[in-house]
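One letter stands for each residue in the lines below.
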Amino acid sequence: MNIVANWSYPTAVKLGRGRIKELADACKSLGMKKPLLVTDRGLASMAITSHALDVLEEAGLGRAIFADVDPNPNEKNLEAGVKAFRDGGHDGVVAFGGGSGLDLGKAVAFMVGQTRPVWDFEDIGDWWTRASTEGIAPIVAVPTTAGTGSEVGRASVITNSETHVKKIIFHPKFLPGVVIADPELTVGMPKMITAGTGMDAFAHCLEAYCSPFYHPMSQGIALEGMRLVKEFLPRAYRDGTDIEARTNMMSAAAMGAVAFQKGLGAIHSLSHPIGAVYNTHHGMTNAVVMPPVLRFNRSAIEEKIERAAAYLGISGGFDGFYDYVLSLRAELGVPENLTAMGIGQDRIDELAAMAIEDPSCGGNPVPMTLENTRLLFVDCF
């Protein structure tokens, strides 16, 4: 089954195999004449990246790449990217990659128009209104994994290299003008990255669905996103060349990011500090802490999870759903707990303090305090 679609929700999305060939047209539609492709070091030398650069070059848009990007991008990467953009006289960004390449590319396009430091635009209250909108460069996003959904997000996660705290930088103009979602770009993902990014998409949908805030549109998207992961992530994991499974996982990733406008919760507020301190893979960390968080939230989400389980074709209500999550993790080779991930218990107090400062914790169904969050961390080992 060959899936091809054009969506304009929440932005223009061109989904389908081989659609990377439309990259130059997407850039031109946003007025770009000299885009800068921003990606991470791991992708810089890969064939999919040089092919994307070929498409731009053949259309007369030049061939420029910035790839000095860490797995958890920080403000130093950002400053270097902004300098490369300005020095090269660029007029737009192609954000290319997994979460790190997409997040940094979006942040570069945003920060070329700003004079204030990036931390002034953290996702707090109306801080985003401090930004000058005039100089923000247009963005085409090209995801190469199926997880973060950053290609349809209005924020970037940037790690402060001094404090090792991950900060969510928000502005409506972070939302790319066009997304090229070509599942062929995800075919080469290693099994572990397929599993980790796929579980990230699942965590986004699950937490958005359980979040107590009112947003029925996101609620519905989260539910169908979970169904797509359930049906297609094991297939994509078993056979990386299964294009139908890869396409549906790209949809699920975008749906997770659209859904979490409703809110995230403890899965993310635990995994953000763990990732910042120990440099673990974000999606895999989400998968590791998911069962303890489900137990932690049970009293507040049991009825909601029963409805989700019914929709997903899982019998047994909350317990059936919980057992399904455990079996999915086992199938994908997810470590059983943080100890199995190689993390010690010596910094639990520090992690708990960071977790309750994380913006995600505000969306958790059970209010998080320093005491109960510390116990929740203990439960993750």
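See above for the structure.
Let us look at the structure shown here. Note that the structure is a prediction, hence the values are computed from the model and not measured.

A few words on the pattern of salt bridges. Tallied over the full model, the rule gives 20 salt bridges. We note a salt bridge from Arg227 to Glu231, for which the minimum N-O separation is 2.7 Å. Of the two residues, Arg227 and Glu231 both sit in helix 7 (residues 216–238), 4 residues apart, roughly one turn of that helix. Across the salt bridge formed by Asp242 and Arg235, the nearest N and O atoms sit 2.9 Å from each other.

On to the pairing of strand 9 (residues 178–181), then. Residues Val178 and Ile180 of strand 9 are buried on one face, and the alternating residues Val179 and Ala181, pointing to the opposite face, are buried as well. In this structure, strand 2 (residues 12–15) lies alongside strand 9, joined through 4 bridges in parallel fashion. Opposite Val13, over in strand 9, you have Val179 as the bridge partner.

On to the environment of Ala146. Here Ala146 lies in the loop between strand 6 (139–143) and strand 7 (155–159). According to the relative accessible area criterion, Ala146 is buried, its value standing at 5%. Taking the C-alpha atoms as reference points, Ala146 and Ala201, separated by 55 residues in sequence, lie 7.4 Å from one another. Other than its neighbours up to four places away in sequence, Ala146 contacts Met189, Thr197, Gly198, Ala201, Met249, Met250 and Ala253.

In the structure shown here, the tally under the stated rule is 2 cavities of 30 Å³ or more. Volume-wise, the largest cavity comes out at about 70 Å³. In this structure, the largest cavity is lined by 13 residues; those nearest its centre are Glu207, Cys210, Ile267, Val293 and Asn297. Of all the elements in the fold, those that place two or more residues in the lining of the largest cavity are helix 6 (191–210) and helix 10 (282–311). It is helix 10 that provides the largest number of residues to the lining of the largest cavity, a total of 4 residues. Considering only residue class, the lining of the largest cavity consists of 8 nonpolar, 4 polar and 1 charged. Taken as a whole, the second largest cavity spans an internal volume of roughly 50 Å³. What lines the second largest cavity is Trp7, Val13, Leu15, Glu151, Val152, Val179, Ala181, Met250, Ser251 and Ala254.

Before going further, it helps to spend a moment on the sheet that holds strand 3 (residues 35–38). The strand order across the open sheet built from 7 strands is 1-2-9-6-5-3-4, with neighbouring strands paired in mixed fashion. The two strands at the open ends of the sheet, each matched to only one other strand, are strand 1 (5–7) and strand 4 (65–66). Relative to strand 5 (residues 92–97), helix 5 (residues 99–111) is tilted by about 170 degrees, and along the sheet it contacts strand 3, strand 4, strand 5 and strand 6.

Below, the discussion takes up helix 9 (residues 266–278). Over its 13 residues, helix 9 runs 18 Å from end to end, which matches the ideal 18 Å to within 8%, given 1.5 Å per residue. Most of helix 9 sits out of view: 11 of its 13 residues are buried. When we look at burial in helix 9, the residues that qualify are Ala266, Ile267, His268, Ser269, Leu270, Ser271, His272, Pro273, Ile274, Gly275 and Ala276.

Turning our eyes to something else, we now look at the environment of Pro138. Within the fold, Pro138 resides in the loop between helix 5 and strand 6. As for Pro138 and Lys230, which are separated by 92 residues in sequence, their C-alpha atoms are 35 Å apart. Residues contacting Pro138, with those up to four places away along its chain left out, are Leu30, Met32, Asp91, Gly92 and Val93.

Right, let's get into the pairing of strand 7. Pairing between strand 7 and strand 8 (residues 166–170): 5 bridges, direction antiparallel. When the bridges of strand 8 are listed, Ser156 appears paired with Ile169. In this structure, the hairpin formed by strand 7 and strand 8 is closed by a connection of 6 residues, where His164 is found at a positive phi of approximately 60 degrees.

Attention shifts here to the nonpolar core. Core analysis: the largest hydrophobic core is formed by 105 residues, its most contacted members being Leu206, Met226, Leu270 and Phe321. Counting residues per element, this core draws most heavily on helix 10, which supplies 12 residues. The contact partners of Met226, leaving out residues within four places of it in the chain, are Phe202, Cys205, Leu206, Tyr209, Ala308, Leu312 and Phe321. Residues Leu37, Val55, Val142 and Leu185 belong to the second largest nonpolar core, which totals 21 residues.

Attention shifts here to the packing of aromatic side chains. One pair of aromatic rings is described through two measures. These are the centre distance and the angle between the planes. Applying the stated criterion to the full structure yields 6 aromatic pairs. Relative to Phe170, the ring of Trp128 lies with its centre 6.3 Å away and its plane at 85 degrees, an arrangement referred to as edge-to-face. On the criterion of sequence distance, the pair formed by Trp128 in the loop between helix 5 and strand 6 and Phe170 in strand 8 is long-range, its members being 42 residues apart. With a relative accessible area of 32%, Trp128 lands in the partly exposed category. A connected cluster of aromatic rings, assembled from ring pairs, spans Phe110, Phe121 and Phe174. Positioned above the aromatic ring of Trp127 is the side chain of Arg130, whose terminal nitrogen or guanidinium carbon lies 4.2 Å from the ring centre. The ring of Tyr237 has Lys191 sitting right over it, with the charged end atom 5.2 Å from the ring centre.

This paragraph deals with the packing of helix 6 against helix 9. Packing of helix 6 against helix 9 leaves a shortest axis separation of 9 Å and a crossing angle of 135 degrees. With respect to their mutual orientation, helix 6 and helix 9 come out oblique. Touching Asp200, Ala203, His204, Leu206 and Glu207 of helix 6 are Ala266, Ile267 and His268, all from helix 9. The residue makeup of the contact of helix 6 with helix 9, split by class, is 4 nonpolar, 2 polar and 2 charged.

Quick notes on the rules
Residues numbered from 1 in each chain as written. Predicted model: local features only at pLDDT ≥ 70, side-chain atom pairs only at ≥ 80, totals over all residues. Heavy atoms only, no water. Salt bridge = Lys/Arg side-chain N within 4 Å of Asp/Glu carboxyl O. Helix = DSSP H or I, 4+ residues; strand = E, 2+ residues; numbered from the N terminus. Buried < 20%, exposed > 50% of the residue type's maximum accessible area, 1.4 Å probe, protein only. Pairing = 2+ DSSP bridges. Contact = heavy atoms within 4.5 Å. 1 Å grid on protein atoms, 1.4 Å probe; cavity = no way out; pocket = protein on both sides within 12 Å on 5 of 7 lines; lining within 4 Å. Points joined across faces, edges and corners; volume = space filled by probe spheres on them. Nonpolar A, V, L, I, M, F, W, Y, C, P; charged D, E, K, R; others polar. Axes fitted to C-alpha atoms, helices over the stretch in contact; angles between N-to-C directions. Expected span 1.5 Å × (residues − 1). Core = buried A, V, L, I, M, F, W, Y, C linked by side-chain atoms within 4.5 Å. Phe/Tyr/Trp six-rings, centres within 6.5 Å; stacked < 30°, edge-to-face > 60°. Lys NZ or Arg CZ within 6 Å of the ring centre and 35° of its normal. Parallel < 35°, antiparallel > 145°, perpendicular 65-115°, else oblique.

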